[in-house]
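# Structure assessment
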Amino acid sequence: MYRLLLVREGEAALKGKNRSSFERRLLDNITMALRPFTEARVYRSDGRVLVDVGGHPWEEIAQAVSRVFGVVSLSPVRVAGHDLEDIENAAVDLMEQVVKKAEAGGGSANQPLTFKVEARRAFKGYPLTSPDISRRLGGAVLARVPGLRVDVHEPQVELAVEVRPEEVYLFAERIPGPGGLPVGVSGRAMLLLSGGIDSPVAGWMTMKRGVQVEAVHFDSYPFTSERSRRKVEQLADILGPFEGGMTLHVVHFTDVQKAIRMHCPEPFYVTIMRRMMVRIAERIAARRRALALVTGESLGQVASQTLESMVAINEVATLPILRPLVAWDKVEIIRLARSIGTYETSIQPYEDCCTIFTPRNPSTRPRLDQVHRAEEKLDVEALTRDAADRVESATFGRNWSPAGSMDGAY
Ligand code: ATP
Ligand code: MG
């Protein structure tokens, strides 16, 4: 019954060159999200971004488009002819659906839903004015759809009516999108992706600012199982549709960990391991022309996430390290992880490289001179090079699929 989706874009404050590259990229990214739907297409018309669903189920297309950054919200559109009776029938039909959905969603059956009609006459040749149209349609809907009441000030539902030269669009339902900037307008970054809760969220937030995110995972097979690697691939599968596919680089980290265990004092294992991760990730970033690293670190969350530790980690980095969660509480991170859809996968109980490598008395506030001494016997250059040269790369989650879907209100 819906032939079109109307897409609202965000960041209206963007100006000049930024704005036009934003708009172009947004359309490209929506086109990419529509890949599985061969008959659907996106286009611009009269300042609106519209998706023609091309006979596919509109709900699935809405789900795919609601994962595109830069989309603030979308609405399924009923299309009617210019004939007033035609418009009235469409309005009644649409509002019946809205009432049905509200009741199904727990709305109280004896509390009427409040609404108003907001008409816009983009086609000035139409014989009725906008207020006339609003009044006529409001009257028709009120007379024919039970469970509604008009409230022009704070309606729960706004029925929008747009009179265009060829036809009339009607829409009321709003499906939230993730907002932010279209992926690709801000360059590329390399996310250190563990199997935990935090790093997938950090990656998602970075994408939201328009960054194409690739991931590096440090795999400790056979200390860790195949399944813990599969879990990280699943996370990339979930994050992928937000950016048209996430490339994951898996680094074999076991030799590095063995060398650390052999040559370094135990309290510094974690700090040195993080420094090695950063060095290796930077090599991969250089190859992929990424301009920053991203981690899921959050200050104070675990004993090793201190400012001192960040100093020790940053010392070996030449690229900026983005830490989007640095000031976030765990509950906030978990809430976002749930709505992105990564949480359930993140809490699967497979061990990761850090849990099997935790010293009994870690140095949580490492001083640089101590770290330098602790690292002295490690052949940093050879270990970094060897690990960075043996990377397995693949792209995950190119397309959104209904199987991996969740509710999604960000
Ligand atoms: P997360 O929930 O993201 O695993 P965490 O709270 O477990 O984070 P740490 O174990 O201290 O925190 O890891 C800090 C950050 O280091 C992670 O957010 C991630 O960016 C990176 N990291 C840790 N382990 C790995 C790994 N095996 N591969 C890639 N990156 C990792
Ligand atoms: Mg972790």
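Worth saying up front: this structure is predicted, and the values here are computed from it rather than measured.

Cut-offs applied
- Residues numbered from 1 in each chain as written.
- Chains lettered and ligands numbered in written order.
- Predicted model: local features only at pLDDT ≥ 70, side-chain atom pairs only at ≥ 80, totals over all residues.
- Heavy atoms only, no water.
- Pairing = 2+ DSSP bridges.
- Helix = DSSP H or I, 4+ residues; strand = E, 2+ residues; numbered from the N terminus.
- Contact = heavy atoms within 4.5 Å.
- Axes fitted to C-alpha atoms, helices over the stretch in contact; angles between N-to-C directions.
- Salt bridge = Lys/Arg side-chain N within 4 Å of Asp/Glu carboxyl O.
- Buried < 20%, exposed > 50% of the residue type's maximum accessible area, 1.4 Å probe, protein only.
- UniProt positions renumbered as here; feature names shortened; annotations may be inferred.
- Near = heavy atom within 4 Å.
- Polar contact = N/O pair within 3.5 Å; in protein donor to acceptor, adjacent residues only side chain to side chain.
- Areas by Shrake-Rupley, 256 points an atom, 1.4 Å probe, with all protein chains shown as cover.
- Nonpolar A, V, L, I, M, F, W, Y, C, P; charged D, E, K, R; others polar.
- Right-handed = clockwise from strand over helix to strand, strands pointing away.
- Domains from an automatic or database assignment.

## Some words on the sheet that holds strand 10 (residues 188–192)
Read from one edge to the other, the open sheet built from 6 strands follows the order 14-13-10-11-12-15, with strand pairing classed as mixed. Looking at the sheet topology across the chains shown, the edges are occupied by strand 14 (321–322) and strand 15 (391–396). Inspection of the sheet shows strand 10 paired to strand 11 (residues 212–219) by 5 bridges, in the parallel sense. Its bridge partner lying in strand 11, Met 190 is registered against Glu 214. Strands in contact with helix 6 (residues 226–239) are strand 11, strand 12 (246–252) and strand 15; relative to strand 12, the strand with the most contacts, it is inclined by about 160°.

## Focus: the pattern of salt bridges
Per the counting criterion, the structure on display carries 31 salt bridges. Between Asp 237 and Arg 230 there is a salt bridge, with the nearest N and O atoms lying 3.9 Å from each other. You can call Asp 237 partly exposed: its relative accessible area is 31%. When its relative accessible area of 36% is taken as the criterion, Arg 230 is described as partly exposed. A salt bridge links Glu 266 to Arg 360, with the nearest nitrogen and oxygen atoms 2.9 Å apart.

## Observations regarding the UniProt feature "binding site: ATP" (unreviewed entry) in the chain
UniProt records the feature "binding site: ATP" (unreviewed entry) at Leu 192, Leu 193, His 217, Phe 218, Arg 274, Gly 296 and Gln 305, using the numbering of this structure. Residue position: Leu 192 is located in strand 10. Apart from the residues lying within four places of it in its own chain, the contact partners of Leu 192 are Ser 199, Val 216, Phe 218, Met 277, Ala 281, Leu 293, Val 294 and Thr 295. Turning to its location among the elements, Phe 218 is positioned in strand 11.

## So, the site of ligand 1
Taken together, 20 residues lie around ligand 1, and Leu 192, Ser 194, Asp 198, Ser 199 and Gln 305 are the ones closest in. Between Leu 192 and ligand 1, the recorded distance is 2.6 Å, taken from a backbone N or O atom to an oxygen atom. Between ligand 1 and Ser 199 there is a distance of 2.7 Å, counted from an oxygen atom to a backbone nitrogen or oxygen. The fraction of the free accessible surface of ligand 1 (580 Å²) that becomes covered by protein chains is 92%. When residues of the shell around ligand 1 are traced back to their parent elements, those giving at least two are helix 5 (198–208), strand 11 and helix 8 (269–287). In terms of residues, the shell around ligand 1 owes the most to one element, strand 11, which gives 3 residues. Here the shell around ligand 1 is built from residues that sort into 9 nonpolar, 8 polar and 3 charged.

## Quick word on the pairing of strand 5 (residues 113–121)
Counting buried residues along strand 5, 7 of its 9 residues qualify, which places the element largely inside the surrounding structure. In terms of handedness, the path from strand 5 via helix 4 (residues 130–144) over to strand 6 (residues 148–150) forms a crossover that is right-handed. Sheet topology note: the strand 5/strand 7 (residues 157–163) ladder contains 7 bridges and is parallel. Bridge pairing in strand 7 places Glu 118 opposite Ala 160.

## Section: the domain arrangement of the chain
Quoted interface sizes are often the accessible area lost when the parts come together. Segmentation of the chain into domains returns domain 1 (4–176) and domain 2 (188–396). The distance between the C-alpha centroids of domain 1 and domain 2 comes to 43 Å. With 5 residues of domain 1 at the interface, the matching set in domain 2 holds 8 residues. At the surface where domain 1 touches domain 2, the tally comes to 0 salt bridges.

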